[in-house]
Structures are given as structure tokens and as C-alpha cells.
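Inside the fold
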Amino acid sequence: MIYEQARYTEGEDKHEPLLSEKDDTTINVGGDDSPLPDSLTRDELSLPALSEPEIARHYTRLSQMNWSIESGPYPLGSCTMKYNPKFTEDIAADPSAAIHPDRRAETAQGNLGMLYGLQEFLGTIGGMDAVTLQPPAGAAGEFTGILVAKAYHEAHGNDKSEVIIPASAHGTNFATAAMAGYEVVELPSAEDGRVDVDALEAAVSEDTAALMLTNPNTVGLFERDIVEIAEMVHDVGGLLYYDGANLNALLGRGRPGDMGFDIMHYNVHKTFATPHGGGGPGAGPVGVVEKLAPYLPSPQVEQTDNGFELFEPEQSIGKVHGFSGNWLVLIKAYAYIARLGDEGLLDASAKAVLNANYLASQIDLEVPYGPFHHEFAATAGDRDAADLAKRMLDFGVHPPTTKWPEMVPEAMLTEPTEIENQASLDDLAEAFNIAFGDSEDAIQQAPSRTTAKRIDQASAARNPRLSWHRLK
Ligand SMILES: *Cc1c(COP(=O)(O)O)cnc(C)c1O
């Protein structure tokens, strides 16, 4: 049974004043007895003179105004908002993890061994021959991967100017191709929601540098023609790029490398339970087939007779991040994969797929296409998907992604992930169904039980307040 979220009552937006608004006393720090030169000290610092409990309560209240995966279900399609098991935090907090990245390799064997192990894990999971851990996010991984493709084409004298991307792809795919200097060729979807093979046939040419694809795609459909698609791209000397954001559906069951993909990124913060949201940090390692390995960013970790060492690939595109990437995030991904093992990863993909299909079967909204993998796009029909999403906020769940991908009108892209049990999937279905069955009037009043109620989105977009000014 879902409950109406009881933390905040109907009516006014809840307001939590800034600490400086609660108390504007200025306290004195430093002063005459400071050992620092006068030019570096100040007599007055306007910090609010509040007690520790007042400050603790302030931040706790702020955290409660925010939705999180630890508050309840968070089925934000495509984003994979998964719970992050705490043991990975313990491992990342181990003092031996906090070493300087410039330490000599022979004094950091354990840490380098872990990076090497993660390269190996990811290579095995994706069916890739070499992996870089450097990119700090999926989008950065895409950009790295396409720069690697470009370096490969340039080194082989291939004159290529276009990257083909399905219309249903994530916005970062288009941005990546454009930033790497390619023309984007947009591919329409076929009636069944998959890649239109005839349209692809017409689009590929000697100019094709790469096709970027996610599989299952952004409405959770497996591209059944993937082998034929790969052949078409390879026949014109193009490369096949795999957007790994949907890897949860495939873990242990299918490998992009075996399907014919040449390059892929892994969103470790989506698939391997490292925290994300709120702007990061994440990590977007990139795997490639053998012929592309010489172009990967530097450094890579290798295992030699002397142990683990860092090396620079011969024709490296250079650096895309400092050192080896977001080290603490990578530790968590390593710990998660190691703890789950083969059986656990198979279990994760089974539950990701089962949960999405179960939820899709329990909601009153129409769900076009199917059968699904880890996510599905329901349609709000003649209702506004964003309005329904706001109503769902009243029931202690996070709503799905709305109005994307555009191939489903008024889409509600829903990805429950493998972490939810049947009871919470039933809660989610109930929230969907109440919102869908509500009168238009009730919908327009929603949300009524959140910190902030109806937000004036037009003003927020047109007159954003992007900086904070001290009041006095
Ligand atoms: C999340 C996502 C990305 C981008 O990944 P980030 O790690 O958020 O930069 C790319 N493609 C798809 C399909 C995604 O869902």
C-alpha cells in the first residue's frame, strides 16, 4: 500500500532559511595571536554563531527535502538510480586507498593491481580487448571513444565525416559526435521501435566514421538485427560504438564485443552501483577491440614480470582526466563486481529485466512495444506526462523520466532497476494508476505533499537565479 507522503503538509512551500539568515552574528576568528602574517588574517569573519545541533538539524532538514534512492523507489528511466551498497564505501574509505597518485609504481602495487583488475573485469564483461578507466562519466566516455575512433581513422588515412545516431539515442551521443567534429546523421526508428535497417542501409556510406547505438535501446528493446547492423557499418570501414548505459539488462548474458561493437563505455555509476546524481562524480571507462587499443588515453595499467606498471599507449589520444580517473569511484565499482561475482551479476540482469516487465504489466497506462529489457516507455496518452509525474510525487515515489524518448508520445520512461522487490514495484504501480485515474483538477493541484509545490517552470527557465548573494 502506498502512503501519502506525510513529511510535509498541504499548502505553502516549505522554506528552510540559510544559516546566515537564522543568525547574522559575526564571530571573531584569528586575531592578534595568529602566527600568520597580517596580510593573510582577518579580524572578522561573518559566520553565523549557531550551535552544533542547530546546524545538524539544518542540514538534516535540507537532506529530507530532497528525494534519494534511500528515501524510496527512483525509477528514472535511462539514469539507473540504483542503491549503493555501503560496503563499497567502507572499502573506498580504507586508509590504504588514499595514496598519492604520483607514487612510484613499485610502492603502489595493490592500488595498481586493483585498477588492472577492474580493466580486466570490464573487458571480460563487455567482450573488449583493452579498457581505459580515465573518463569521469558516460558522456566523457563517449567523447573519449569517438576521439579514439577518429584517431584510428586518421592514422589509416580514412576520410570520414559522419557519425550515424538513432533518433531515440541519448542527447550526449549527438553532442559527442558534434564536439568531435563529425556531422550527425540522424536515423529514424522503425515501426517496432528498433533501428530501421532499410534507413540504415540508405544512411551508411564511405563517409561513415561510426554508428553509435545502445542495446537494448532507450525504450528497453533489444536490437535483434545487431549482427546485420554491425556488418553494414563494418563493410564501409565504419566503427560500431556501444553506449553502455543500458548494460544492466545484459550483464553476464550478452557482450557488446560479441555482437560486433568496436568501442563501448561503461557507466559504472549506473551498472556497478557507484553513487551518482547531483552532478557526480562517476566514471565512464571505455573498452575497445584490439586494433583501437594503441589510441587509448594514457596511462594504462599493465601486468609485467615486474608487477603492475603504468604505460602510455603508442598513439594515445592523450589525457582526458588527471591520473587514472576518479579513483574512489573505480574502487567502488571494483568492490561491487568482485563481491557479486558471476552469479550475482547474472542475478542483477535477471531482476532488472523481470522488474521492468512486471511493473509494465501492472500499470493502467498503455505501454507500446515490448517485450522489454530493463526499462519501458509508457505513454500518458492525451494526458501531460509531466503532470502525472508531479502527482506521483505525492505518493512517496520518484516519478519516471518524462517526455523522452520522443518516439513514444508523452513518454514516461521507467526503469525500476534490480534493487526493488515486489512490494515496492506494487507501490510504484499504484502511484502510476492513481495519478493516471485522477481528474484533471486534482492533477493540476499536485504535488501537494512535497517541500515545494507547483514550480513556475517557465520563470525558472527564463530567469534563473544562478548565484547566491549574501543578504547583508
Ligand atoms: C546516462 C546516459 C548517458 C550519459 O552518461 P553520464 O554518465 O550521465 O554522463 C549516455 N547515454 C545514455 C543512454 C544514458 O542513459
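Residues numbered from 1 in each chain as written. Predicted model: local features only at pLDDT ≥ 70, side-chain atom pairs only at ≥ 80, totals over all residues. Heavy atoms only, no water.

1. Thoughts on the overall build of the protein chain
Helix and strand content of the protein chain: 15 helices and 14 strands. Taken against the 2.2 N^0.38 rule, which gives 23 Å for 472 residues, the C-alpha radius of gyration of the protein chain at 25 Å falls within 12% of a compact globule. The dimensions of the protein chain, computed from C-alpha atoms along their principal axes, are 70 × 65 × 45 Å. Taken over 472 residues, the protein chain has a buried fraction of 50%. Put simply, of all contacts in the protein chain between residues at least 6 apart along the chain, 70% involve residues at least 24 apart. Summed over all atoms, the accessible surface of the protein chain reaches about 22200 Å², with 50% contributed by carbon and sulfur. Computing the positive centroid from 33 side-chain charges and the negative centroid from 72, the protein chain places the two 8 Å apart. (Helix = DSSP H or I, 4+ residues; strand = E, 2+ residues; numbered from the N terminus. Rg over C-alpha atoms; globule rule 2.2 N^0.38 Å. Buried < 20%, exposed > 50% of the residue type's maximum accessible area, 1.4 Å probe, protein only. Contact = heavy atoms within 4.5 Å. Areas by Shrake-Rupley, 256 points an atom, 1.4 Å probe, with all protein chains shown as cover. Lys, Arg positive; Asp, Glu negative; His and termini not counted. Charge placed at Lys NZ, Arg CZ, Asp CG, Glu CD.)

2. Here we look at the domain arrangement of the protein chain
According to the domain assignment, the protein chain consists of domain 1 (86-339) and domain 2 (340-458). Using only C-alpha atoms to locate each centre, domain 1 and domain 2 end up separated by 28 Å. Between domain 1 and domain 2, the contact holds 28 residues from the first and 24 residues from the second. Per-residue buried area on domain 1 facing domain 2 is highest for V219, N248 and R253; these three make up 26% of the total on that side. Here domain 1 is connected to domain 2 by zero salt bridges. (Domains from an automatic or database assignment. Buried area = accessible area lost by both parts, 1.4 Å probe. Salt bridge = Lys/Arg side-chain N within 4 Å of Asp/Glu carboxyl O.)

3. Digging into the side chain of N246
Here N246 shows up in the loop between β7 (239-243) and α9 (256-259). Accessibility expressed as a relative area gives 1% for N246, which makes it buried. In contact with N246, not counting residues within four places along its chain, are T214, P216, N217, T218, H374 and E375.

4. Thoughts on the UniProt feature "domain: Glycine dehydrogenase C-terminal" (unreviewed entry) in the protein chain
UniProt's feature table lists "domain: Glycine dehydrogenase C-terminal" (unreviewed entry) at residues 348-434, given in the numbering used throughout. Measuring from the first to the last C-alpha atom of residues 348-434 gives 29 Å, for a span that is 41% helix and 11% strand. (UniProt positions renumbered as here; feature names shortened; annotations may be inferred.)

5. What to know about the site of the ligand
Taken together, S78, A137, G138, A139, E142, H170, T172, D243, A245, N267, H269 and K270 are the residues near the ligand. At 2.6 Å, a side-chain N or O of D243 approaches a nitrogen atom of the ligand. Counting residues per element, the shell around the ligand draws most heavily on helix α5 (residues 138-155), which supplies three residues. (Near = heavy atom within 4 Å. Polar contact = N/O pair within 3.5 Å; in protein donor to acceptor, adjacent residues only side chain to side chain.)

6. Points about the pairing of strand β11 (residues 307-311)
When strand β10 (residues 300-304) meets β11, the two strands line up antiparallel, connected through five bridges. Bridge assignment links E302 to a residue of β11, and that residue is E309. Joining the antiparallel neighbours β10 and β11 is a turn of two residues. (Pairing = 2+ DSSP bridges.)

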